[in-house]
Amino acid sequence: MAEEVKKPEEVKKPRKPLDPNSAKYKLGKIASDAFATAIEAKKQGKPVAWVSSNFPVEIPETLGLATAYPENQAAGIAARGAGERMCEVAEADGYSNDICAYARISLAYAKLKECPEQDVAMPDVLLCCNNICNCMIKWYENLSQELGIPMIMLDIPFNPDYEVSDAQVAYVTGQFWDAVHQLEDLFGLKWDDDKFQQVTGFSCRTSRAWLEATAQAKYIPSPFNGFDLLNHMAVMVTARGKEEAGEAMETLLKEYKQNHEKGESTFRAEEKHRVMFEGIACWPYLRATSRGLKDRGINMVTTIYADAFGFDYNSFDEMIRAYCSVPNAINLEKSRDKRIKLCKDNHVEGLLVHTNRSCKLWSGFMAEMSRQIGKECNIPVTSFDGDQADPRNFSEAQYDTRVQGLFEIMESNKESKEA
Amino acid sequence: MVQDTLKKFHEAATSPRKQMEKYLAEGKKVVLTAPVYTPEELIHSMGFVPMGAWGADMELNRSKEYFPAFLCSIVQSILEMGIKGGYKGASAIVIPSLCDTLKTLGENWKYAVEDIKFIPMTYPQNRKPDYGIAFTKAGYERVMRDLEELGGKYDPAALSESIKIYNKHNEVMRKADEMLAAHPEITAAERSDIFKSAFFMTKEEHTALVEEFLAELDKQAAGAEKIGIVVSGILTDAPQLNEIFDEFGMHIVADDVAAQSRQYRTDAPEMDDPLQALAVKFANMDNCSVLYNVKKPRVQWIVDTAKARGAKGVVVVMTKFCDPEEFDYVMIKKACEKADLPLALVEVDRQMVHFEQVRTNLETFRDMLTF
Ligand code: SF4
Ligand code: SF4
């Protein structure tokens with residue numbers, strides 16, 4: 001698959017340079033700086049950590065540890081068309097093609113130590129948090145063995161109950177400080193409470209702006225194309241604890257508000273229907289998946305990511321509870337209710353579910369959950385098979401047929417409503 | 001007679017439903033225990049009969065309404081059994097969240113099988129530090145509360161007693177594994193029955209039967225030597241698979257199978273607080289794909305055990321779509337290469353009817369080992 005990956009709107013049209021004051025420019029810069037900063041730190045002999053996307057960033061940020069995010073790197077590699085090539089490297093070493101493609105790409109990178117589609121600084125330590133999946137544990141264990149570097153495991157178990165228990169908070173808190181002390185010892189770093197307060201402030205500020213920006217989809221038409229969120233999310237993953245991230249997200253919010261006032265949108269078509277997209281993007285087919293919707297006037301107005309990075313908390317305990325409540329760590333009922341809220345708040349007319357071959361946890365109770373969402377919101381639900389990073393598991397024809405099916409139901413629902 | 005006891009193991013291993021009916025008829029309540037580990041001692045102490053629920057070799061229909069195809073067949077078939085009434089009469093199922101697929105089983109279970117209560121067991125991965133032990137204990141207490149709702153009663157003295165019963169069973173199972181290594185005449189199929197029947201009998205009964213078997217085995221002269229192998233994986237009970245092992249003259253001299261020896265390696269220590277002892281047991285468990293350990297000692301354990309037991313090779317039996325095992329496999333493969341230990345990989349699942357691929361792989365492997 002040698003698809004050129006660019007945002008759908010950008011395809012082949014020469015564009016005028018981005019305004020450096022625009023959110024898009026600022027967010028793009030933060031995302032690319034995230035990789036460059038760690039590479040630079042490495043050159044200067046400073047330690048670098050590879051970090052799971054939902055690991056408490058407050059730890060490396062406060063300690064001043066340079067970071068790179070393997071999931072983010074894998075997404076970039078997949079989006080630039082090298083997912084299959086990297087997966088094959090891992091498979092040649094014996095990794096089954098059933099394993100999450102992010103893990104395969106990352107393990108391949110650990111071996112090759114280069115990939116022109118997205119290089120990162122090689123790590124000195126691994127910061128693993130399994131609040132999104134246990135696959136992460138196995139992946140990082142193997143990285144630790146292959147690279148001969150320490151791994152710090154912050155275990156946040158899947159919560160089968162609706163609320164986070166005090167026992168879980170105590171368990172995670174114990175590990176949080178253990179992780180801090182291990183890092184202090186490993187690299188001679190020093191924890192600073194004032195810095196921690198500052199970082200948590202930034203993280204909350206970024207999260208608040210993100211939540212509010214994504215909530216602008218409440219307007220009809222929506223002031224933005226939901227595919228924007230898939231791109232901007234990289235900043236939420238890698239830089240939410242940084243001041244400039246908060247500032248950029250606030251700019252995004254301002255722009256979305258202005259769009260609404262002016263009746264504009266980054267969705268460059270007439271918005272005939274609004275759907276929620278469930279799952280990780282199919283990075284190798286971003287263009288095809290986006291076009292399939294846009295050509296039919298369907299705007300993907302929201303995704304669970306709109307809620308996923310809402311790390312807005314007022315105390316240490318609340319921060320721990322927030323990390324215990326990320327999308328893949330919560331039970332069906334809580335997952336469902338969050339999505340129902342997003343659907344209702346954003347006037348969603350249909351649910352498009354990506355059954356992601358890579359992600360057993362995300363796809364494993366999606367069928368039952370989306371049935372319940374469809375029923376509660378009285379909206380049609382359609383799913384398609386795909387993969388976030390391995391292009392071999394997606395069929396454009398199936399996608400198109402499924403989206404067309406969803407479109408037709410939404411059309412007829414609209415007609416009967418109007419009648 | 002060895003054969004008589006083997007027959008009893010076979011009967012229990014192949015008729016879990018009958019076993020369950022028997023316990024229900026005796027007025028007992030049955031609690032199903034899903035893979036890979038559950039606090040069976042606790043369930044037992046509260047007056048229930050814990051019975052292993054590792055699914056069945058069957059076609060999947062109804063489970064497809066819940067699971068996509070790329071989840072392991074063990075979990076798929078547990079749900080299928082549940083929906084189709086295969087576990088009818090059980091009071092509850094305890095499902096731990098030790099792998100991603102198991103997390104989704106519990107969530108689906110609530111809606112797919114409403115007449116059998118889902119009881120989650122949340123284990124920590126950082127299980128050794130004090131905060132990990134405390135969290136394991138909290139997980140047990142959560143199970144306890146649910147079992148109380150079903151009429152169970154917690155009594156520390158009863159738990160201490162159950163721990164003794166389970167530790168004794170562990171001991172006889174370890175002994176069985178050791179003795180079987182010296183008896184090539186006991187087939188792979190028979191070995192599988194001995195282990196599998198443990199899931200469907202009370203531990204008291206199973207211990208007695210294993211002891212009886214071992215006493216007889218001890219009197220029996222060891223059969224002719226075969227090709228010693230170590231088998232590793234989650235589940236290796238498929239009759240066709242064991243038939244192939246037997247057909248090619250392979251003798252399982254040790255196993256690293258989750259449904260077999262991994263269950264029995266660790267005892268709960270003797271302590272004043274039996275619940276604490278049970279949590280410490282979990283902290284001490286290791287060498288398993290669903291128990292975090294950055295050093296992955298399991299890999300070396302396989303190599304060392306193969307050497308110690310004089311195995312000629314290692315057979316990894318991969319349950320298709322089991323990602324914890326798929327990650328470990330690469331490391332096991334490397335370690336075996338380094339140790340000059342031949343390794344074969346065969347893939348199985350619970351819907352498999354054609355074992356030609358397995359047969360071909362193992363035949364090649366046999367030829368390689370006997371060359
Ligand atoms: S895609 Fe799923 S399995 Fe892969 S890293 Fe993300 S959460 Fe884990
Ligand atoms: S076979 Fe593997 S994936 Fe399936 S339940 Fe067991 S550990 Fe999980």
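Residues numbered from 1 in each chain as written. Chains lettered and ligands numbered in written order. Predicted model: local features only at pLDDT ≥ 70, side-chain atom pairs only at ≥ 80, totals over all residues. Heavy atoms only, no water.

Attention now goes to the sheet that holds strand β1 (residues 29-33) of chain B. Residue and element names in this part refer to chain B. Read from one edge of the open sheet, four strands run β2-β1-β3-β4, paired in parallel fashion. The two strands at the open ends of the sheet, each matched to only one other strand, are β2 (48-52) and β4 (117-121). The sheet shows a mean angle of 30° between the axes of neighbouring strands, direction not considered. In the packing of helix α2 (residues 16-25) onto the sheet, contacts are made with β1 and β2, and the angle to β2 comes to roughly 175°. (Pairing = 2+ DSSP bridges. Helix = DSSP H or I, 4+ residues; strand = E, 2+ residues; numbered from the N terminus. Axes fitted to C-alpha atoms, helices over the stretch in contact; angles between N-to-C directions. Contact = heavy atoms within 4.5 Å.)

With that settled, the discussion passes to the environment of S265(A). Locating S265(A) in the fold gives a position in the loop between α10 (243-262) and β5 (273-278). A C-alpha to C-alpha distance of 47 Å links S265(A) and I149(A), two positions 116 residues apart in sequence.

Next up on the list: the pairing of strand β4 (residues 151-154) of chain A. Residue and element names in this part refer to chain A. Taking every second residue as pointing to the same face, both faces of β4 are buried, with M151 and M153 on one and I152 and L154 on the other. Bridging between strand β3 (residues 125-129) and β4 involves four bridges; their strand directions are parallel. From the neighbouring strand, L126 faces β4, where its bridge partner is M151. Tracing the backbone out of β3, into helix α6 (residues 135-147) and back to the parallel element β4 gives a crossover that is right-handed. (Buried < 20%, exposed > 50% of the residue type's maximum accessible area, 1.4 Å probe, protein only. Right-handed = clockwise from strand over helix to strand, strands pointing away.)

Here we come to the interface of chain A and chain B. Contact residues are listed per partner, giving 50 residues for chain A and 48 residues for chain B. Buried area between chain A and chain B, summed over both chains or domains, comes out near 4,100 Å², and the portion from carbon and sulfur atoms is 59%. When the buried surface of chain A facing chain B is broken down by residue, K138(A), Y171(A) and K360(A) rank first, second and third, together holding 17% of it. Where chain A packs against chain B, one counts six salt bridges. Here E333(A) makes a salt bridge to K110(B), at a shortest N to O gap of 2.9 Å. Counting the contacts that link chain A with chain B gives 26 residue pairs in polar contact (both at pLDDT 80 or more). Those elements giving two or more residues to the side of chain A that touches chain B turn out to be α5 (101-112), α6, β4, α7 (166-187), α14 (332-345), β7 (350-356), α15 (360-364) and α16 (366-377) of chain A. For the side of chain A that touches chain B, the leading source of residues is α6(A), giving nine residues. Of the residues that constitute the side of chain A that touches chain B, the class distribution is 20 nonpolar, 16 polar and 14 charged. (Buried area = accessible area lost by both parts, 1.4 Å probe. Salt bridge = Lys/Arg side-chain N within 4 Å of Asp/Glu carboxyl O. Polar contact = N/O pair within 3.5 Å; in protein donor to acceptor, adjacent residues only side chain to side chain. Nonpolar A, V, L, I, M, F, W, Y, C, P; charged D, E, K, R; others polar.)

To continue, consider the site of ligand 2. Residue and element names in this part refer to chain B. Neighbouring residues of ligand 2: C72, I74, V75, C99, T101, L102, I234, V290 and C322. Among the cavities detected, the one that contains ligand 2 is the second largest cavity. Counting residues per element, the ones that place at least two in the shell around ligand 2 are α4 (73-83) and α5 (100-112). Grouping the constituent residues of the shell around ligand 2 by class yields eight nonpolar, one polar and no charged. (Near = heavy atom within 4 Å. 1 Å grid on protein atoms, 1.4 Å probe; cavity = no way out; pocket = protein on both sides within 12 Å on 5 of 7 lines; lining within 4 Å. Sits in = over half its atoms within 2 Å of the grid points.)

The next point concerns the site of ligand 1. Residue and element names in this part refer to chain A. Every residue close to ligand 1 is listed here: C100, I132, C133, C135, M136, W139, I280, N328, S358, C359 and Q388. Considering only residue class, the shell around ligand 1 consists of eight nonpolar, three polar and no charged. No fewer than three residues from each of domain 1 (24-190) and domain 2 (195-418) sit in the shell around ligand 1. (Domains from an automatic or database assignment.)

Here the focus is the packing of aromatic side chains. Overall, the coordinates contain 29 aromatic pairs over all chains when judged by the stated rule. Considering the side-chain rings of Y171(A) and F135(B), the 4.5 Å spacing of their centres and the 10° angle between planes classify their relative orientation as stacked. Taken as a pair, Y171(A) in helix α7 and F135(B) in helix α6 (residues 130-149) lie in two separate chains rather than in one. A relative accessible area of 1% places Y171(A) in the buried class. Owing to a relative accessible area of 5%, F135(B) belongs among the buried residues under this scheme. Here the aromatic cluster, defined as three or more aromatic residues joined through ring pairs, consists of F227(A), F277(A), Y285(A), F384(A), F394(A) and Y399(A). Note that K320(B) overlies the ring of F321(B), its terminal NZ or CZ placed 4.4 Å from the centroid. (Phe/Tyr/Trp six-rings, centres within 6.5 Å; stacked < 30°, edge-to-face > 60°. Lys NZ or Arg CZ within 6 Å of the ring centre and 35° of its normal.)

Residues and elements named next belong to chain A. Domain parsing of chain A yields domain 1 (24-190) and domain 2 (195-418). One C-alpha centre belongs to domain 1, the other to domain 2; they are set 23 Å apart. The partner domain 2 presents 54 residues to the 50 residues of domain 1 that form the contact. Carbon and sulfur atoms make up 61% of the area that domain 1 and domain 2 hide from each other, which totals about 4,400 Å².

With that out of the way, let us pick up the pattern of salt bridges. The final tally for this structure, using the stated rule, is 68 salt bridges over all chains. Of the charged contacts in the structure, one is a salt bridge between R205(A) and E250(A), with a shortest N-O distance of 2.7 Å. Taken together, the residues R205(A) in helix α8 (residues 193-214) and E250(A) in helix α10 connect sequence positions 45 residues apart. E250(A) sits in the partly exposed class, given a relative accessible area of 32%. The salt bridge partner of E349(A) is K414(A), with a shortest N-O separation of 4.0 Å. Of this pair, E349(A) sits in the loop between α14 and β7 while K414(A) sits in helix α17 (residues 396-418), and the two are 65 residues apart along the sequence. Looking at K414(A), the relative accessible area reads 30%, which means it is partly exposed. It is possible to trace a salt-bridge network through shared partners that takes in K138(A), E141(A), D256(B), R262(B), R265(B), K296(B), R298(B), E325(B) and D328(B).

Take empty space enclosed by the protein next. Residues and elements named next belong to chain B. In this structure the tally under the stated criterion is eleven cavities of 30 Å³ or more. Lining the largest cavity are 21 residues, with T38, E40, E41, Q263 and K281 sitting closest to its centre. Counting only elements with at least two residues in the lining of the largest cavity, the list comes to α3 (40-45), α7 (156-180) and α11 (274-284). Element by element, the count of residues in the lining of the largest cavity is highest for α11, at three residues. (Points joined across faces, edges and corners; volume = space filled by probe spheres on them.)

Take the environment of V290(B) next. Residues and elements named next belong to chain B. Structurally, V290 is set in the loop between α11 and α12 (297-308). Expressed as a C-alpha distance, the spacing of V290 and A258, which sit 32 residues apart in the sequence, is 9.7 Å. Not counting residues up to four positions away in its chain, the partners in contact with V290 are V36, Y37, L98, C99, Q125 and P324.

Below, the discussion takes up the packing of α14(A) against α16(A). All names here are of chain A. At a minimum axis separation of 10 Å, α14 and α16 run at an interaxial angle of 40°. With respect to their mutual orientation, α14 and α16 come out oblique. Crossing hand, α14 versus α16: right-handed. For the pair α14 and α16, contact is made by L332, S335, R336, R339, I340, C343 and K344 and by E368, M369, Q372, I373, E376 and C377, respectively. Of the residues assigned to the contact of α14 with α16, the class counts are six nonpolar, two polar and five charged. (Parallel < 35°, antiparallel > 145°, perpendicular 65-115°, else oblique. Left-handed = near helix turned anticlockwise from the far one by under 90°.)

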